Amino acid sequence: MSALIKSPLNYTGGKSKILPQILPLFPVDIDTFVDLFAGGANVGINVNAKQVVFNDNIKPLIDLYKTLQKNSVEKTLKYIERKIIEFDLSEENVEGYHILRQCYNEHNDPLLLFLLTAYSFNHQIRFNNAIQYNVPFGKHRSCFNDTMKNNLVAFMNKLHGIKAVFTAKNFDELDLDWLKDKDFLYADPPYLITTGTYNDGKRGFTGWNETQELMLLDLLDKLDRRGIRFALSNVIKHKKTENKFLLDWLKRNPNYCIHNIVKDYTNSSYNVKNKDKEDTQEVLITNY
Ligand SMILES: C[S@@+](CC[C@H](N)C(=O)[O-])C[C@H]1O[C@@H](n2cnc3c(N)ncnc32)[C@H](O)[C@@H]1O
């Protein structure tokens, strides 16, 4: 496997850590790969396919990817460095961050969204209902550091070398009629039984709920009937909660395969977080 690219956005629910487990489970002969819930784009950017469609219903995120696709690495880095000076951004300067946030919310310059994620608390991307970015400052924690810069450069270089299409639709509104048997759809939706800030429907974008979950499972069944291959990431069990929709769906479709994802313990000592992971059954479900 060639070196894996990590999204420059530290994305909640990002799959970079488990890519070594899920990529080998994908087919080797993909014409178009559809990353239906692209998020940090960790999966689509690393997949081997003739074309990649990145979709996510957070339009500002997709606008950012389009900007990274269109512009050179050099121009982008220069622009970022100029803006860091202009807004006097640092790990300490909360005022500068607030002015940057206000400026982004007024003008929606996609690269300013990237800068905001660099300096925001936990590098989060979150909007309010008026689609105003509202993550607080990541004081003494977040900045545009060398790791982020290197991830950005590697991500852009890879992006410039692939055929990529970006769309900002709700998954159920994306036209998939054109998919053929050599194409492949990967679905990494918000997990119904765990939390993510993009889940709750109060963020200016459609939230994730039981109706969405059932619609997605139905969509995957339709693809299966058309002979289109898919893979779905999800969590079957989290602590004492089970995803009964998913379990029922799997019972109804005994031809689908369940691949268990092994917990990742790298870079963390044993703590409550790991106890949570032990209680979580994360899977990749495929129809091939
Ligand atoms: C678990 S994250 C994907 C992470 C991604 N696979 C990665 O590795 O970086 C789920 C994504 O689904 C998006 N999403 C939520 N509801 C959606 C919907 N109805 N249609 C399309 N995308 C949606 C969220 O904005 C979020 O980015």
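The rules behind the values
- Residues numbered from 1 in each chain as written.
- Predicted model: local features only at pLDDT ≥ 70, side-chain atom pairs only at ≥ 80, totals over all residues.
- Near = placed C-beta within 6 Å.
- Nonpolar A, V, L, I, M, F, W, Y, C, P; charged D, E, K, R; others polar.
- Core = buried A, V, L, I, M, F, W, Y, C linked by C-beta atoms within 7 Å.
- Buried ≥ 20, exposed ≤ 12 C-beta atoms within 10 Å, placed from the backbone.
- Helix = DSSP H or I, 4+ residues; strand = E, 2+ residues; numbered from the N terminus.
- Contact = placed C-beta atoms within 7 Å.
- Axes fitted to C-alpha atoms, helices over the stretch in contact; angles between N-to-C directions.
- Parallel < 35°, antiparallel > 145°, perpendicular 65-115°, else oblique.
- Domains from an automatic or database assignment.
- Expected span 1.5 Å × (residues − 1).
- Arc of directions from axis to C-beta.
- Pairing = 2+ DSSP bridges.

Asks: Tell me what's going on with the site of the ligand, and back it up with residues and numbers.
Replies: Around the ligand, the surrounding shell holds 23 residues, and the nearest of these are Gly13, Phe37, Gly39, Gly40 and Asn42. Across the shell around the ligand, the residue classes break down as 10 nonpolar, 10 polar and three charged.

Asks: Mind laying out the nonpolar core, listing which residues take part and the relevant values?
Replies: In terms of nonpolar packing, the biggest core is built from 66 residues, with Leu185, Tyr186 and Ala187 touching the most fellow members. Broken down by element, the residue count for this core peaks at seven residues, all from helix α5 (residues 110-119). Those residues in contact with alanine 187 that sit more than four places away from it in its chain are Leu36, Phe37, Leu216, Leu220, Phe230 and Leu232.

Asks: How would you summarise the packing of helix α2 (residues 59-70) against α5 if you had to cite specific residues and measurements?
Replies: Where α2 meets α5, the axes come as close as 8 Å, and the angle between the chain directions of the two elements is 110°. Relative to α5, the element α2 is oriented roughly perpendicular. Listed contacts from α5 to Pro60, Asp63, Leu64 and Thr67 of α2 are Pro110, Leu111, Leu113 and Phe114. Of the residues that constitute the contact of α2 with α5, the class distribution is six nonpolar, one polar and one charged.

Asks: I'd like a description of the domain arrangement of the protein chain, backed by residues and values.
Replies: Often the size quoted for an interface is simply the accessible area lost on bringing the parts together. Entries for the protein chain in the domain assignment read domain 1 (16-64 + 158-286) and domain 2 (71-151). Across the side of domain 1 that touches domain 2, the residue classes break down as four nonpolar, two polar and three charged.

Asks: A description of unusual backbone geometry should follow, citing residues and the corresponding values.
Replies: The phi angle at asparagine 108 is positive, at roughly 55°, despite the residue not being glycine. Accessibility expressed as a C-beta count within 10 Å gives 14 for asparagine 108, which makes it partly exposed.

Asks: Lay out the environment of aspartate 181 in plain terms, naming residues and giving numbers.
Replies: Relative to the elements of secondary structure, aspartate 181 occurs in the loop between β3 (164-167) and β4 (184-187). What makes aspartate 181 exposed here is the crowd of 11 C-beta atoms within 10 Å. Setting aside its immediate chain neighbours within four residues, aspartate 181 contacts Gly227 and Ile228.

Asks: Pulling in residues and values, what's your account of helix α6 (residues 146-160)?
Replies: An ideal rise of 1.5 Å per residue puts 21 Å on 15 residues; α6 measures up with 21 Å between its terminal C-alpha atoms. Three or more residues of α6 are buried, namely Met148, Leu152, Phe155, Met156 and Leu159. Down the axis of α6, the buried set is contained in an arc of 95°. They therefore lie on one face. Those residues of α6 that are exposed and angled more than 90 degrees off the buried face are Asp146, Thr147, Asn150 and Asn157. Packed against the buried residues of α6 are α2, α3 (73-86), α5 and β3.

Asks: So what's going on with the environment of proline 60? Which residues, and what values?
Replies: Inspection of the secondary structure assignment puts proline 60 in helix α2. Taking the C-beta count within 10 Å as the criterion, proline 60 has 18 such neighbours and is therefore assigned partly exposed. Setting aside residues no more than four positions away along its own chain, proline 60 makes contact with Asn108, Pro110 and Leu113.

Asks: Residues and numbers for α2, please.
Replies: With 12 residues, α2 extends 16 Å between its outermost C-alpha atoms, agreeing within 8% with the 16 Å of an ideal straight helix rising 1.5 Å per residue. Of the positions making up α2, those classed as buried are Leu61, Ile62, Leu64, Tyr65 and Leu68. Along the long axis of α2, the arc covered by the buried residues comes to 155°, so they all point the same way. Lining the buried residues of α2 we find β2 (49-55), α3, α5, α6 and β3.

Asks: Any chance you could break down the pairing of β2 for me, citing the residues and the numbers?
Replies: Sheet faces and side chains relate simply in a regular strand, where the side chains alternate between the two faces. Among the seven residues of β2, five are classified as buried, and the element is accordingly described as predominantly covered. Direction of pairing for strand β1 (residues 30-35) relative to β2: parallel, over a ladder of five bridges. Bridge pairing in β2 links valine 34 to valine 53.

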